[in-house]
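Residue-level listing of the chains:
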Amino acid sequence: MDNQFKIIDIYLENFSKIYTGMHIDKVYLNFLEMPNKTYLFVGDSGSGKSSILKSIHPFAFNSGTGDESSNSDLIMSGRDGRKIIRYLIGNTEINCTHLYIRKSGNSIQVKSYFSVNGEELNPSGLVTTFKELVSKYFFIDESF
């Protein structure tokens, strides 16, 4: 049985540090279409390289990165955000989608969705259920 783990692609929208560094509000990286096995992120200091790398995990936020930013600073002020990352484990495709919904007072509400081979397993978007699914399929928790 093939249990090889691959990242298919990642889409980030309205992430504040990426916008500050690259002046773009959307990033899409397709790792399966890139011809090489080694990926190199280059750019000036503060251009968003680390922000992209810190996003390549299934969670909405990652407490394990050591990033001092607050969760409300993750997404550009006054905007909603989105993170979609797809993984392939053997023949199983897993899609993790996070919607960052800006609320009054600049706080963010997060809805997290988890699908396996196109079947949504967390239709309510509850973060607690999402974390349980990540633990079941990836064998990690948010502090990884």
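Relevant structure appears above.
Everything numeric here is computed off the predicted structure, so don't read it as measured data. (Residues numbered from 1 in each chain as written. Predicted model: local features only at pLDDT ≥ 70, side-chain atom pairs only at ≥ 80, totals over all residues. Heavy atoms only, no water.)

A. Highlighting the pattern of salt bridges. A full pass over the atoms with the stated rule returns 5 salt bridges. Salt-bridge contacts for Glu 93 lead to Arg 86; the nearest nitrogen and oxygen are separated by 3.2 Å. With a relative accessible area of 29%, Glu 93 lands in the partly exposed category. For Lys 131, the salt bridge goes to Glu 142, with nearest N and O atoms at 2.8 Å. (Salt bridge = Lys/Arg side-chain N within 4 Å of Asp/Glu carboxyl O. Buried < 20%, exposed > 50% of the residue type's maximum accessible area, 1.4 Å probe, protein only.)

B. Representation of the packing of aromatic side chains. Applying the stated criterion to the full structure yields 8 aromatic pairs. Look at Phe 5 and Tyr 87: their rings are 5.5 Å apart centre to centre, the planes differ by 35°, and that puts the pair in the tilted class. With Phe 5 in strand β1 (residues 5-13) and Tyr 87 in strand β3 (residues 81-89), the pair connects residues that are 82 residues apart, well separated along the chain. A centroid spacing of 5.8 Å and a plane angle of 85° characterise the contact between Phe 15 and Tyr 100, whose relative ring orientation is edge-to-face. Taken together, the residues Phe 15 in the loop between β1 and α1 (16-22) and Tyr 100 in strand β4 (residues 92-102) connect sequence positions 85 residues apart. Taking relative accessible area as the criterion, Tyr 100 reaches 0% and is therefore assigned buried. An aromatic cluster is present here, built from Phe 5, Tyr 87, Phe 114, Phe 130, Tyr 137 and Phe 138 joined pairwise through their rings. (Phe/Tyr/Trp six-rings, centres within 6.5 Å; stacked < 30°, edge-to-face > 60°. Helix = DSSP H or I, 4+ residues; strand = E, 2+ residues; numbered from the N terminus.)

C. Layout of the sheet that holds strand β6 (residues 119-120). Strand order in the open sheet made by the 6 strands is β2-β1-β3-β4-β5-β6, with antiparallel pairing throughout. Each edge of the open sheet is held by one strand with a lone partner, namely β2 (26-30) and β6. Relative to β2, β1 runs antiparallel, the two being bridged by 5 bridges. Counterpart to Leu 12 in the pairing with β2 is Val 27. Here helix α3 (residues 127-138) sits on the sheet in contact with β1, β3, β4 and β5 (108-116), set at roughly 40° to β5. (Pairing = 2+ DSSP bridges. Contact = heavy atoms within 4.5 Å. Axes fitted to C-alpha atoms, helices over the stretch in contact; angles between N-to-C directions.)

D. Representation of α3. The end-to-end C-alpha distance of α3 is 16 Å, a good match for the 16 Å that 12 residues give at a rise of 1.5 Å each. All buried positions along α3 are accounted for by Phe 130, Leu 133, Val 134 and Phe 138. Seen end-on, α3 carries its buried residues on one side only, within an arc spanning 105°. Counted as exposed and oriented over 90 degrees from the buried face of α3: Thr 128, Glu 132 and Lys 136. Contacts made by the buried residues of α3 are with β1, β3, β4 and β5. Just beyond α3, the residue with positive phi is Phe 139, at close to 60°. (Expected span 1.5 Å × (residues − 1). Arc of directions from axis to C-beta.)

E. Just the pairing of β3, in detail. Burial of the side chains of β3 is restricted to one face: Gly 81, Lys 83, Ile 85, Tyr 87 and Ile 89 are buried, whereas none of Arg 82, Ile 84, Arg 86 and Leu 88 on the reverse face is. Here β1 runs beside β3; their pairing, made up of 8 bridges, is antiparallel. Residue pairing across strands places Asp 9 opposite Arg 86, the latter belonging to β3. Note: β3 against β4, 9 bridges, orientation antiparallel. Across the sheet, Leu 88 pairs through a bridge with Glu 93, a residue of β4. The antiparallel pairing of β3 with β4 creates a hairpin that spans 2 residues between the two strands, and Gly 90 there sits at a positive phi of about 60°.

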